Amino acid sequence: MSDAELVLRSTRVITPEGTRAASVAVAAGKITAVLPYDAPVPETARLEDLGDHVLLPGLVDTHVHVNDPGRTEWEGFWTATRAAAAGGITTLVDMPLNSLPPTTTVAHLRTKQQVAADKAHIDVGFWGGALPDNVKDLRPLHEAGVFGFKAFLSPSGVDEFPHLERDALARTMAEIAAFDGLLIVHAEDPRLLSSAPQRPGPRYADFLASRPRDAEDTAIARLIREAKALDARVHVLHLSSSDALPMIAEARAEGVRLTVETCPHYLTLTAEEVPDGASEFKCCPPIREAANQDLLWQALADGTIDCVVTDHSPSTADLKTDDFATAWGGISGLQLSLAAVWTEARRRGHGLEDVVRWMSARTSELVGLDDRKGAIAPGRDADFAVLAPDETFTVDPASLQHRNRVTAYAGRTLYGVVKSTWLRGQRIVADGQFTEPKGRLLTRTH
């Protein structure tokens, strides 16, 4: 520890080996050692004694719609990354759509990187987009450092990002498999969606019926077949249907290279509690029933679901009308994701080590950042969240940092107060006070 510039000491440090009292040494933005709690501190190092607050690795959120440039009235890199930092997230990967232009060519990627460069409070990486007509752009995007490619199997909601029909999916997956890239997929079958009952209006039950579970299940089954045939790497985004879990488990047991995420809103909110007209709860796929939620938690516990990400997808407040059929679908959750998941996890008997595995370690692995992020271990970036896990707060939309302060969590009392967030050994937010942006732009390295 002789070269340490900073030592963070806590009685509860979450490491890959478990939670223990420890001193974490930092130099040049990296963790250099995890030592016993009472290890002597070099005279050259600054000591931060965190007491009994929990020191955990900064969260890595691999599913965020920043919408910048082009729809910056919805969200932007400055506001999104502040919200993330306030919630203990130190790395996010931005989705390729809802910005203008979408990240579907190298030129468009460069545009987005230029916009983000001086606005990012945390580290930011980028997904590429897979469209019916951009197969030729996929390898150049991969070589430019995107972490993988997002595709829709049903309409995305924005005209500039069309979905992949059956033949286009096969071409796209074959191209990405040729360079062993990662395809991440919004999996709902368009034919089953179009044949479901469509009843506009404020009733949540009508909206839920319009996005049935079998639309997810059928699309996921198709993905599994294609991935198995091509030995392709495929990731299922925002799983909400528990009915798909048995086929997912079977495919993985057969060696299909399939990973799966779910989201805090599916784990903490239920269809039974959504008020009619409250489109801040609208997302696609939808929040489903409590019994479905129980099975998602079981799948997280047994590893069938790999990770938990926000799918932060904001819009301006005027697009959240009281008609579920026409309201914009998306839930803003960056600042509240850790507290929301931790509140429900502790109620169900899970520990913070589980939450760190789902929201930091496995998300880092998904995008190949596990040599830099996702753990308090020597050689990793000194990215931390300091959490008071037994303190509570009641969600006040006015206190949120994302641009349009609409939230499905308004008024809920949550456990887990983030006291400070650190990026490469520098405290970037503490008690609601932010530094100037210190984030870096990340690219895939392997």
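These numbers come from a predicted model, not from an experiment. Each chain has its residues counted from 1, running along the sequence as written. Given that the model is predicted, a residue must reach a pLDDT of at least 70 before its local features are reported, and side-chain atom pairs must reach 80 or more before they are shown or counted; all residues, however, enter totals for whole chains, interfaces and linings. To get the side-chain values, take all heavy atoms of the structure and skip hydrogens and water.

1. Some remarks on the overall build of the protein
- Helix and strand counts for the protein come out as twelve helices and 18 strands.
- With the radius of gyration taken over C-alpha atoms, the globule rule is written as 2.2 Å times the number of residues to the power 0.38. The C-alpha atoms of the protein give 21 Å as radius of gyration, which agrees with the globular expectation for 446 residues (22 Å, within 12%).
- Whether a residue is buried, partly exposed or exposed follows from its accessible area with a 1.4 Å probe, protein chains only, as a fraction of its type maximum: under 20%, in between, or over 50%, in that order. Relative to its full complement of 446 residues, the protein shows a buried share of 63%.
- Whether two residues are in contact is decided by their heavy atoms: any pair within 4.5 Å suffices. The long-range fraction of contacts in the protein, counting pairs at least 24 apart against all pairs at least 6 apart in sequence, stands at 74%. Numbering of helices and strands starts at the N terminus; helices are DSSP runs of H or I of at least 4 residues and strands are runs of E of at least 2.

2. A short note on the side chain of arginine 444
- Here arginine 444 is to be found in the segment after β18 (433–434).
- No salt bridge is formed by the buried arginine 444; its nearest oppositely charged neighbour, glutamate 143, is found at 7.7 Å.
- Polar contacts, as counted here, are pairs of nitrogen or oxygen atoms within 3.5 Å of one another; within protein the pair requires one atom able to donate a hydrogen and one able to accept it, and residues that are adjacent in sequence qualify only if both atoms are side-chain atoms. Looking at arginine 444, its side chain comes within polar contact range of the main-chain oxygen of valine 146, at 3.3 Å. Working convention for charge: Lys and Arg count positive, Asp and Glu count negative, and His plus the chain ends are omitted. Whenever Lys or Arg places a side-chain nitrogen within 4 Å of a carboxyl oxygen from Asp or Glu, that contact is recorded as a salt bridge.

3. Concerning the pattern of salt bridges
- Scanning the entire structure with this criterion turns up 29 salt bridges.
- Ionic pairing is found between lysine 119 and aspartate 68, a salt bridge with its closest N-O pair at 3.8 Å. With lysine 119 in the loop between α2 (106–116) and β8 (123–126) and aspartate 68 in the loop between β6 (59–64) and α1 (77–86), this pair connects stretches of sequence that are 51 residues apart.
- When its relative accessible area of 30% is taken as the criterion, lysine 119 is described as partly exposed.
- Classification of aspartate 68 by relative accessible area gives buried; the value is 3%.
- The shortest N-O distance in the salt bridge between aspartate 123 and arginine 424 comes to 2.5 Å. Taken together, the residues aspartate 123 in strand β8 and arginine 424 in the loop between β16 (413–423) and β17 (426–430) connect sequence positions 301 residues apart.

4. Remarks on the nonpolar core
- Ranked by size, the top nonpolar core spans 101 residues in total, and within it Phe149, Leu223, Leu239 and Leu258 carry the most contacts.
- Beyond its immediate sequence surroundings of up to four residues, leucine 223 is in contact with Leu153, Leu169, Met173, Val185, Ala187, Val234 and Val236. In plain words, nonpolar cores are sets of buried Ala, Val, Leu, Ile, Met, Phe, Trp, Tyr and Cys residues tied together by side-chain atoms within 4.5 Å.

5. Some thoughts on the state of the cysteines
- We call a pair of cysteine sulfur atoms a disulfide when they lie within 2.5 Å. As enumerated under the stated definition, the model contains zero disulfides in all.
- Residue cysteine 284 stays outside any disulfide, its sulfur separated by 6.8 Å from that of cysteine 283, the closest cysteine.
- The thiol of cysteine 307 is not disulfide-bonded; the next cysteine sulfur, from cysteine 263, is found 9.1 Å away.
- Judged by its relative accessible area of 1%, cysteine 307 is buried.

6. Section: unusual backbone geometry
- Look at the link from aspartate 68 to proline 69: it is a cis peptide, with omega at 0°.
- Among the secondary structure elements, proline 69 is positioned in the loop between β6 and α1.
- Residue proline 101 is bonded to the preceding leucine 100 through a cis peptide linkage, with omega at 5°.
- Mapped onto the elements of the fold, proline 101 is located in the loop between β7 (89–94) and α2.
- Of note in the backbone geometry, alanine 28 takes a positive phi value of approximately 50° without being a glycine.
- Structurally, alanine 28 can be placed in the loop between β2 (18–27) and β3 (30–36).
- For aspartate 231, which is not a glycine, the phi torsion comes out positive at approximately 50°.

7. Details of helix α12 (residues 352–366)
- Taking 1.5 Å per residue as the helical rise, α12 with its 15 residues ought to reach 21 Å, and the 20 Å between its terminal C-alpha atoms agrees with that figure.
- Within α12, the axis deviates most sharply at tryptophan 358, by approximately 35°.
- Immediately beyond the C-terminal end of α12, within one or two residues, lies glycine 368, with a positive phi of roughly 75°. By this rule the span expected of a helix is its residue count minus one, scaled by 1.5 Å. The reported bend at a residue is simply the angle between two axes, fitted to the 7 residues ending at it and to the 7 residues beginning with it.

8. Some remarks on the sheet that holds strand β9 (residues 128–129)
- Two strands are said to pair when DSSP picks up at least two bridges between them. Overall, parallel pairing links the six strands, which are arranged β9-β10-β11-β12-β13-β14 in an open sheet. Among the strands making up the open sheet, the edge pair consists of β9 and β14 (307–308).

9. A few points about the environment of leucine 223
- Positionally, leucine 223 belongs in helix α7 (residues 213–230).
- Residue leucine 223 is classed as buried on the basis of its relative accessible area, which comes to 0%.
- Residues leucine 223 and alanine 187, spaced 36 residues apart in sequence, show a C-alpha to C-alpha distance of 8.1 Å.

10. Quick word on the packing of helix α4 (residues 166–178) against α7
- Lines fitted to the C-alpha atoms define the axes, with helices restricted to the stretch that makes contact. Angles between their N-to-C directions range from 0 to 180 degrees. Axis separation between α4 and α7 bottoms out at 10 Å; the angle between their running directions is 40°. In terms of orientation, α4 and α7 fall into the oblique class. Helix-helix and strand crossings are classified by hand; for α4 and α7 the assignment is right-handed. On the side of α4, the interface is formed by Arg166, Leu169, Ala170, Met173, Ala174 and Ala177, while α7 contributes Arg222, Leu223, Arg225, Glu226, Ala227 and Leu230.
- The classification used treats Ala, Val, Leu, Ile, Met, Phe, Trp, Tyr, Cys and Pro as nonpolar, Asp, Glu, Lys and Arg as charged, and all other residues, Gly among them, as polar. Among the residues making up the contact of α4 with α7, the classes are represented as eight nonpolar, no polar and four charged. In this scheme, roughly parallel covers angles under 35 degrees and roughly antiparallel covers those over 145, while 65 to 115 is roughly perpendicular and the rest are oblique. Each helix crossing is assigned a hand: it is left-handed if the near helix lies turned anticlockwise from the far helix by less than a right angle, otherwise right-handed if that turn is clockwise.

11. Structural notes on the pairing of β7
- Of all six residues in β7, six are buried; the element is thus mostly enclosed.
- For the crossover that starts at β6, traverses α1 and ends in the parallel β7, the hand is right-handed.
- As paired strands, β7 and β8 are joined by four bridges and run parallel to one another. Each bridged residue has a counterpart across the sheet, and for threonine 91 the counterpart in β8 is aspartate 123. By convention, a crossover is right-handed whenever its connection, traced from the first strand over the helix to the second and viewed with the strands pointing away, goes clockwise.

12. Let's talk about the sheet that holds β7
- Spatially, β6-β7-β8 is the arrangement adopted by the three strands of the open sheet, whose pairing is parallel. Two strands lie at the open edges of the sheet, namely β6 and β8, each paired on one side alone. Neighbour to neighbour, the strand axes of the sheet diverge by 20° on average, direction disregarded.
- Sheet analysis places β6 next to β7, joined by four bridges and oriented parallel. Note that in β7 the partner of valine 60 across the bridge is threonine 91.

Treat this as a map of the structure, not an account of what it does.
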